[in-house]
There are 2 protein chains.
Amino acid sequence: MKSSARGRRSSATRTARNPEATKTQILDAAEEEFARYGLAGARTEPIAANTGVTKAMIHYYFGTKEELYQAVLKRQAALFLSAVEQVDVSDLSPEAALRKFLRLAVDYENTQPYHGKVLLHEAMTNEGKYFKLTGWEVPIGLGAAVLQRGVDEGCFRPLDPWLTMVHIMGVMSFYFNAANNLKQLEPLSDCQSPEAIEAFAESAIAFVLAGVLKQPGESAS
Amino acid sequence: MKSSARGRRSSATRTARNPEATKTQILDAAEEEFARYGLAGARTEPIAANTGVTKAMIHYYFGTKEELYQAVLKRQAALFLSAVEQVDVSDLSPEAALRKFLRLAVDYENTQPYHGKVLLHEAMTNEGKYFKLTGWEVPIGLGAAVLQRGVDEGCFRPLDPWLTMVHIMGVMSFYFNAANNLKQLEPLSDCQSPEAIEAFAESAIAFVLAGVLKQPGESAS
DNA sequence: GTCTATACTGCGATAGAC
DNA sequence: GTCTATCGCAGTATAGAC
């Protein structure tokens with residue numbers, strides 16, 4: 001049952017006695033392991049093996065497995081929030097702002113494929129115990145504010161901004177989280193290629209925009 | 001870390017020497033455990049404890065943990081396909097047919113809360129190895145056919161029916177799968193109450209319909 | 001059919017050498 | 001800072017009594 005994910009050596013060659021590099025490599029391997037198995041299901045052994053160090057090093061740098069998990073969540077939060085902060089949306093139309101956020105969502109799933117999976121495992125296997133560490137209140141709040149602004153300005157149909165944010169997160173994340181199932185359906189067997197992901201991005205963005213934009217003849221709320 | 005989910009006795013009182021009842025109870029407890037932890041993370045101990053039997057009984061009836069997992073997937077598939085088969089959509093308009101499917105999706109997540117979570121874990125922790133056992137090609141294919149029919153008849157905008165089915169599955173499942181995270185956001189703290197779920201259902205159905213329906217002035221494909 | 005007891009391996013964590 | 005060795009418990013699975 002253990003697949004290629006376990007026991008494989010990390011691509012980055014280890015440099016002996018380089019604390020910062022070692023910590024980073026442990027966090028990289030841990031993030032991958034937690035993304036697949038969640039806190040409870042993750043094993044420290046493959047994390048150590050993929051890093052190229054022994055299990056003892058993990059405990060030396062991070063303490064218990066649970067503390068390592070929290071460290072992964074915190075590093076993800078810092079990286080993600082810095083990406084979100086770089087997006088200034090204040091002088092864009094609600095539609096343009098939403099487009100920008102949706103693009104960021106797809107790009108982030110692509111460049112940080114473990115981020116969303118760790119978050120989902122946090123909800124499913126860990127009951128959201130450490131959700132606060134992920135910093136996700138910020139982007140969700142920003143997104144909801146954009147939606148509310150669109151409703152107020154009359155370019156979006158009347159909608160609940162928080163629930164709609166949840167719908168949008170569902171659209172943007174499910175394709176990636178369920179990819180291993182989807183690829184076994186004939187028309188989606190190629191779903192992990194760059195071309196397929198770009199096709200998904202365009203389809204998803206069009207779907208979400210159609211879902212929130214007010215139709216021409218529709219009356220104001 | 002082990003929360004209330006583990007070690008709790010099943011609500012159904014056990015009846016000694018009733019093979020079918022025992023098998024059913026083991027499958028019930030196993031489904032809950034696999035829904036939370038996936039195949040790799042699930043433990044047979046809490047399954048036995050929640051059933052009220054010993055671990056030995058699990059192996060007596062189902063063999064290995066992995067075979068038990070397959071049995072859970074197969075039972076879910078049979079139940080789900082019988083529910084899907086009871087929906088006849090052939091003489092409904094595409095919009096009415098889609099509405100009917102979306103309602104079924106919400107109701108099914110409600111009455112079978114572990115179904116979708118097991119399926120998602122199958123993708124995330126098990127690489128979709130046993131996805132074929134779930135029978136999901138059928139409902140996804142039916143849904144895609146309805147979407148295609150809507151495009152052909154001109155009531156839905158031009159869209160990729162398979163990708164759009166994926167978007168829809170994302171909308172309908174994410175709320176439930178991420179509930180433990182979402183409930184920690186102030187406006188969604190109540191997200192698991194029946195009233196909140198009904199509000200989600202209406203919002204999600206409106207969102208999806210808006211996402212696929214052709215706008216009045218829009219030209220045909 | 002169900003239980004107790006146990007074999008055996010996996011795993012988290014620590015001690016102590018280098 | 002990193003490794004080897006090991007402790008002790010948790011976990012899957014089986015043997016055998018009832």
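The coordinates are above.
Everything in this summary refers to the structure shown in the same document.

Rules and cut-offs
- Residues numbered from 1 in each chain as written.
- Chains lettered and ligands numbered in written order.
- Predicted model: local features only at pLDDT ≥ 70, side-chain atom pairs only at ≥ 80, totals over all residues.
- Heavy atoms only, no water.
- Near = heavy atom within 4 Å.
- Polar contact = N/O pair within 3.5 Å; in protein donor to acceptor, adjacent residues only side chain to side chain.
- Helix = DSSP H or I, 4+ residues; strand = E, 2+ residues; numbered from the N terminus.
- Core = buried A, V, L, I, M, F, W, Y, C linked by side-chain atoms within 4.5 Å.
- Buried < 20%, exposed > 50% of the residue type's maximum accessible area, 1.4 Å probe, protein only.
- Contact = heavy atoms within 4.5 Å.
- Buried area = accessible area lost by both parts, 1.4 Å probe.
- Salt bridge = Lys/Arg side-chain N within 4 Å of Asp/Glu carboxyl O.
- Phe/Tyr/Trp six-rings, centres within 6.5 Å; stacked < 30°, edge-to-face > 60°.
- Axes fitted to C-alpha atoms, helices over the stretch in contact; angles between N-to-C directions.
- Parallel < 35°, antiparallel > 145°, perpendicular 65-115°, else oblique.
- Left-handed = near helix turned anticlockwise from the far one by under 90°.

Of all residues adjacent to DNA strand D, which total 23 residues, the nearest are Arg17(A), Tyr61(A), Thr44(B), Lys55(B) and Lys65(B). Considering the 4 Å shell around the protein, atoms of DNA strand D inside it are sugar or phosphate in 62% of instances. The side chain of Tyr61(A) places a nitrogen or oxygen atom 2.8 Å from a phosphate oxygen of DNA strand D. Taken together, the elements giving at least two residues each to the surface near DNA strand D come down to α1 (19–41) and α3 (55–62) of chain A together with α2 (44–51) and α3 (55–62) of chain B. Per element, the largest residue contribution to the surface near DNA strand D is 4 residues, and it comes from α3(A).

Turning next to the nonpolar core. Ranked by internal contacts, the top residues of the largest apolar core, which has 90 residues, are Leu98(A), Tyr175(A), Leu182(A), Leu98(B), Tyr175(B) and Leu182(B). With near-sequence residues (within four places) excluded, Tyr175(A) lies in contact with Leu182(A), Cys191(A), Ala196(A), Ile197(A), Phe200(A), Leu163(B) and Val166(B). Counting 22 residues, the second-largest nonpolar core is a separate cluster that includes Tyr37(A), Leu39(A), Ile47(A) and Ala48(A).

This paragraph deals with the interface of chain A and chain B. On the side of chain B, 59 residues touch chain A, which itself brings 59 residues to the contact. Buried area between chain A and chain B, both sides added, is near 5500 Å², and the carbon and sulfur share of it is 68%. The tally of links from chain A across to chain B stands at 2 salt bridges. Between chain A and chain B we count 13 residue pairs in polar contact (both at pLDDT 80 or more) in total. Secondary-structure elements contributing two or more residues to the side of chain A that touches chain B are α1, α6 (115–124), α7 (137–153), α8 (161–177), α9 (179–182) and α10 (194–212) of chain A. Looking at which element gives the most residues to the side of chain A that touches chain B, the answer is α8(A), with 13 residues.

This part takes up the pattern of salt bridges. In this structure the tally under the stated criterion is 18 salt bridges over all chains. Two residues, Asp28(A) and Arg75(A), come together in a salt bridge whose shortest N-O distance is 2.9 Å. On the criterion of sequence distance, the pair formed by Asp28(A) in helix α1 and Arg75(A) in helix α4 (residues 65–85) is long-range, its members being 47 residues apart. Its salt-bridge partner being Arg36(A), residue Glu127(B) comes within 3.8 Å of it at the nearest N-O pair. Highlighted residues: Glu127(B) in the loop between α6 (115–124) and α7 (137–153) and Arg36(A) in helix α1, drawn from two different chains.

Bringing the packing of aromatic side chains into the picture now. Residue and element names in this part refer to chain A. This model, assessed by the stated rule, comprises 18 aromatic pairs over all chains. On the numbers, 5.0 Å between centres and 65° between planes, the contact of Phe80 with Tyr108 is edge-to-face. A residue pair is termed long-range when its members are at least 10 positions apart, and Phe80 in helix α4 and Tyr108 in helix α5 (residues 94–111) qualify at 28 residues. The exposure class of Phe80 is buried, given its relative accessible area of 6%. Considering the side-chain rings of Phe80 and Trp136, the 4.7 Å spacing of their centres and the 15° angle between planes classify their relative orientation as stacked. Taken together, the positions of Phe80 in helix α4 and Trp136 in the loop between α6 and α7 put the pair 56 residues apart, joining distant regions of the chain.

A word on the protein's contact with DNA strand C. DNA strand C sits among 21 residues. The nearest are Thr44(A), Lys65(A), Arg17(B), Met57(B) and Tyr61(B). For DNA strand C, a base nitrogen lies 3.0 Å from a polar atom in the side chain of Lys55(A). Between DNA strand C and the protein, one listed contact pairs a phosphate oxygen with a backbone N or O atom of Asn18(B) at 3.4 Å. For the surface near DNA strand C, the elements supplying multiple residues, two or more each, are α2 (44–51) and α3 of chain A together with α1 (19–41) and α3 of chain B. Element by element, the count of residues in the surface near DNA strand C is highest for α3(B), at 4 residues.

The next thing to look at is the packing of α8(A) against helix α8 (residues 161–177) of chain B. Remark: α8(A) packs on α8(B), axes separated minimally by 7 Å, with the N-to-C direction vectors making an angle of 125°. By the criterion of interaxial angle, the relationship of α8(A) to α8(B) is oblique. In this structure, α8(A) crosses over α8(B), and the sense of that crossing is right-handed. Across from Leu163(A), Val166(A), His167(A), Met169(A), Gly170(A), Val171(A), Ser173(A), Phe174(A) and Tyr175(A) in α8(A), the residues of α8(B) making contact are Leu163(B), Val166(B), His167(B), Met169(B), Gly170(B), Val171(B), Ser173(B), Phe174(B) and Tyr175(B).

With respect to the element layout, Gln112(A) can be found in the loop between α5 and α6. Along the sequence, Gln112(A) and Lys183(A) sit 71 residues apart, while their C-alpha atoms lie 20 Å from each other.

All names here are of chain A. For Glu31, the position within the fold is in helix α1. Within the structure, Glu31 has its side chain in polar contact with the side chain of Gln76 (distance 2.7 Å). Sequence-distant contacts of Glu31, defined by excluding residues within four places in its chain, comprise Val72, Arg75, Gln76, Tyr114, His115 and Val118.

Purely geometric stuff here, so don't read any function into it on its own.
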